[in-house]
Structure formats: structure tokens, C-alpha cells
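# Notes for the structure review
In case you want the letters, here they are:
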Amino acid sequence: MTLAIARAIYAFGLLMTGALMLVVFGPKSEGGQFSDAEKSAPSLSPGPGRDSPASFSQRDDDAFPPTLSKTGYFESVSGYRLNSSFVAFEVNAPYWSDDAQKLRAVRMPPGIAVKFEANKPWFFPVGTTFVKTFQLSADGETKRIETRIVRRAKFGWLFSTYIWNEEQTEAKLEMDGPRFPVTAGHTSQAWGVPHQLDCLECHNDKAGRVLGFNLRQLNRVEKTKTGSGNQLHRLQRAGVLRAVPDQLKATPSFCSPYDEKADLDDRARTYLQVNCSMCHQPGTPQTTQFNLPLDLRRQRPIYETGLLQLDPNNPTGPPLRPRSLRSTLFLNRVGAIGQFRMPPLGSLMIDEKAHVMLKKWFARFLN
């Protein structure tokens, strides 16, 4: 299936449902068969009392409603209070979104949790719902900009975006990817909302659809009322995860790319994983159709990323230096504005700190 045909199918689904649905054809998803939880998860469709356990199975493949308040996900939209069925979480290495802060939460179908896996992809049952709100803070004012919702339906994943009004009392469904100015305090900047079809560029099959809810992102220590604890254990107590090991000290986690105390290589590879690898890995349209032989996944050895020139006498060994043209183009695009920038979606501003960090990282291979 060509990218053009795929876009036409997605567009048809968008027009028919009012939300973008990614249909999963066949019994397999990337990484293996659907889990028993996915196969047996309840079917959801519209109905009253949407968020009670008894009626949870009454909403699934319906279109997203025109306003955030009508989703049934919030106790108070203006006060930004999600229903108690949602569980908040944070990540170690957020995707760059023009310096916005993000509020993240997840809800699982009653009685079904995601099985913890240290070395395998995590599978999400039908009814899994993620809510992520983007906001800017400046001069003591916080302004909510947009809320994105990702939901696993019977036949695939649904994506939708809601834009907040100036009064911060409601958010309306938006499908066309507008750009508009945003002001918080005395600070103003341009903001771009991805078109709903753009969701699939990053949330693709090879990347696993769900990008930020995984072991390396969630494995972090957080403050609790009695001291501190691992977020994975809290998510298990809340019924989101199951089979989380008691001991997690040896379990891998991402560092923050902006933590100058962390190892430079770890920071750079984490940034590339979170911001670039969903498109730049084997099997994605960006790799196959545009002949971009880059594999920026964190688990790949550095000499297999395609960014570095190898020793011709030892092609599987350590790299000699960055590929002059490819690495220069890469850095230029990370530091660019406009249609040639990277990442090309979800951002209109240069990540200056990351750009400086990546230049330092490349310079290490020149010495």
C-alpha cells in the first residue's frame, strides 16, 4: 500500500467518524500477537454514565464529540479535573514541543491492566485512553493550548485534538491542524497543531503506536506522601500495570536529554530515540520511500545508526567520524525553521539546548 493510498483511507475514516481512526488489519501488531487482554477487552460505544464501570463497555468506535466537556472524561473542564478513572503519569524524556509543559494521564478498562515487560513491547487492551494537555507558563500565568486524546478502539487507534478557548473554560475538536499565536503572561509565540492525518507519521506501526508509555520513560523515582517511590509501582497499585518487579534498580530508564550531569552519549541517543526514531528506523515510509538509511533507535549500536562513517577495514567496529554530508545535514535540520526542519511535526521552534548538545556529541567523534 502506497502512502498516498493509506492517506486516502485515513482521510475517509476521518470524514466518516469525525476522528482519525487507525485500522489494524489482521491479528498481528508490531512485535507479535495481540495479548489475551486485547482479545477479550470490552467493546465500547456511546451511552449515558460513560465513566462508571458498568457502562464503560458502552463506548468505543464512536466519533469524538465536538467539545472536551462532552467526552465524559472530566469532572471539571474549566478546573482541569479528570475523572478518577484516569491516572496521571510523567515521562523521563519528553518529546520537544516548543517548550510547552504537558499533563499526561491514562485510563484502562476496568479489571484489565497492561502487563509489565522488560524486553518486549507492551500491549494495550481495547478501551485504553491517553489524555495529554499542552500548556505554556510565563510571568505567573499558565495557558492551556490543546488536549490530545488517543484511544484504542476495537478496530484500531483513534486520535483527536481539542483546542482551548481564551477563557480556558472549554476546548473544541479540531481536525485541520491550524496555526495561531499563543500568549502566556508577557510571552507570545506561534503554535502549530498537527493535522489529524499527521498523527500517523509518528504514531506508526513500527514505532508501536503509543510513543511515551513504556519502561524507559516511566521508570522514574517520584515523591510520595511518605517519601519517594517508583512511578511503575504506583501505576501498578492504580490498576494500570501488572507484574511489575519489586526491585527496579537494574531496570533501564531514559535520562533527561537536558540533564548536563548525565552522560553526553546517553543524552544524545535518548533525544534521537524520543524525537526522531519513530520515523527513522527500518520499515517506515521515511526510510523506504525516501531512501533515508537512518536507524536512530536507542538500542542500535552507534555505528549502525547511519550517522557515522565506518572503518572500511572493520565495518562492524567503532566509527571513525561522522559522515560529513549526512551529519552536517542532520544538525542543520535540527537547527532549522520551516519545511526542512527536524522534527518536521509538532514544533515551530528550535530546541536550542538540544541543538547545542547534539553538536557537542558529534564533535566527540572528530577528536
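Summary of the structure given here.

Definitions and cut-offs
- Residues numbered from 1 in each chain as written.
- Predicted model: local features only at pLDDT ≥ 70, side-chain atom pairs only at ≥ 80, totals over all residues.
- Heavy atoms only, no water.
- Helix = DSSP H or I, 4+ residues; strand = E, 2+ residues; numbered from the N terminus.
- Buried < 20%, exposed > 50% of the residue type's maximum accessible area, 1.4 Å probe, protein only.
- Contact = heavy atoms within 4.5 Å.
- Areas by Shrake-Rupley, 256 points an atom, 1.4 Å probe, with all protein chains shown as cover.
- Core = buried A, V, L, I, M, F, W, Y, C linked by side-chain atoms within 4.5 Å.
- Polar contact = N/O pair within 3.5 Å; in protein donor to acceptor, adjacent residues only side chain to side chain.
- Pairing = 2+ DSSP bridges.
- Phe/Tyr/Trp six-rings, centres within 6.5 Å; stacked < 30°, edge-to-face > 60°.
- Salt bridge = Lys/Arg side-chain N within 4 Å of Asp/Glu carboxyl O.
- Axes fitted to C-alpha atoms, helices over the stretch in contact; angles between N-to-C directions.
- Parallel < 35°, antiparallel > 145°, perpendicular 65-115°, else oblique.
- Left-handed = near helix turned anticlockwise from the far one by under 90°.
- Nonpolar A, V, L, I, M, F, W, Y, C, P; charged D, E, K, R; others polar.

Looking only at helices and strands, the protein features nine helices and 19 strands. Relative to its full complement of 367 residues, the protein shows a buried share of 48%. A separation of at least 24 residues holds for 56% of the contacts in the protein among residues at least 6 apart in sequence. Split by element, the accessible area of the protein, about 18400 Å² in all, is 54% carbon and sulfur.

Side chains that are nonpolar tend, in soluble globular proteins, to be buried together. Ranked by internal contacts, the top residues of the largest apolar core, which has 25 residues, are Trp122, Phe130, Phe213, Leu232 and Leu241. Of all the secondary-structure elements, those providing two or more residues to this core are strand S6 (87–89), strand S11 (156–164), helix H3 (199–202), helix H4 (215–218) and helix H5 (231–237). Among residues more than four places away in sequence, those in contact with Leu241 are Ala113, Val114, Trp122, Phe213, Leu232, Leu235 and Gln236. Counting 20 residues, the second largest nonpolar core, distinct from the first, contains Leu294, Leu308, Phe330 and Ala354.

By secondary structure assignment, the location of Gln231 is in helix H5. Reaching out from Gln231, the side chain makes a polar contact with the backbone nitrogen of Glu90 at a distance of 2.7 Å. When neighbours within four sequence positions are excluded, Gln231 is seen to be in contact with Phe89, Glu90, Leu218, Arg220 and Glu222.

The element S11 is extensively covered by neighbouring structure, given that nine of its nine residues are classed as buried. Taken together, the eight bridges between strand S10 (residues 141–153) and S11 define a ladder with antiparallel strand orientation. Directly across from Thr147, in S11, lies its bridge partner Tyr162. Hairpin connection of S10 to S11: two residues between the antiparallel strands. With four bridges connecting them, S11 and strand S12 (residues 171–174) associate as antiparallel partners. Directly across from Thr161, in S12, lies its bridge partner Glu174. Hairpin geometry of S11 and S12 is characterised by an intervening segment of six residues between the two adjacent antiparallel strands and by a positive phi of about 65° at Gln168.

What characterises a pair of aromatic rings is the spacing of the ring centres plus the angle enclosed by the ring planes. Applying the stated criterion across every chain, the model contains 13 aromatic pairs. Centre to centre, the rings of Tyr73 and Phe86 are 5.3 Å apart; their planes meet at 65°, and the pair counts as edge-to-face. Of the two residues, Tyr73 sits in the loop between helix H2 (36–40) and strand S4 (74–76) while Phe86 sits in the loop between strand S5 (81–82) and S6, which places them 13 residues apart along the sequence. Residue Tyr73 is classed as buried on the basis of its relative accessible area, which comes to 1%. Seen in terms of ring centroids, Tyr80 and Trp164 are 6.2 Å apart; in terms of plane orientation they differ by 45°. Their pairing is tilted. A residue pair is termed long-range when its members are at least 10 positions apart, and Tyr80 in the loop between S4 and S5 and Trp164 in strand S11 qualify at 84 residues. Neither Tyr80 nor Trp164 differs from the other in exposure class; each is buried.

Moving on, we come to the pattern of salt bridges. Inspection of the entire model under this criterion finds nine salt bridges. Its salt-bridge partner being Glu166, residue Lys143 comes within 3.0 Å of it at the nearest N-O pair. Of this pair, Lys143 sits in strand S10 while Glu166 sits in the loop between S11 and S12, and the two are 23 residues apart along the sequence. Looking at Lys143, the relative accessible area reads 7%, which means it is buried. For Glu166, a relative accessible area of 58% translates into the label exposed. The shortest N-O distance in the salt bridge between Arg300 and Asp295 comes to 3.6 Å. Among the residues examined, Arg300 registers a relative accessible area of 29% and is labelled partly exposed. Bridged by salt links that share partners, the residues Asp295, Arg297, Arg300 and Glu304 form one connected network.

All right, on to the side chain of Gln135 then. Following the sequence through the fold, Gln135 ends up in strand S9 (residues 129–138). If sequence neighbours within four positions are ignored, Gln135 has contacts with Ala100, Gln101, Leu103, Thr142, Lys143, Arg144 and Ile145.

Next up on the list: the packing of helix H6 (residues 264–275) against helix H9 (residues 352–364). Running from N to C, H6 and H9 point in directions that differ by 120°, and their axes come no closer than 10 Å. As judged from the angle between their axes, H6 and H9 are oblique. Handedness of the crossing formed by H6 with H9: left-handed. The residues of H9 that touch H6, namely those facing Leu264, Asp265, Arg267, Ala268, Arg269, Tyr271 and Leu272, are Ala354, Met357, Leu358, Lys360, Trp361 and Arg364. Class assignment for the residues of the contact of H6 with H9 results in eight nonpolar, no polar and five charged.

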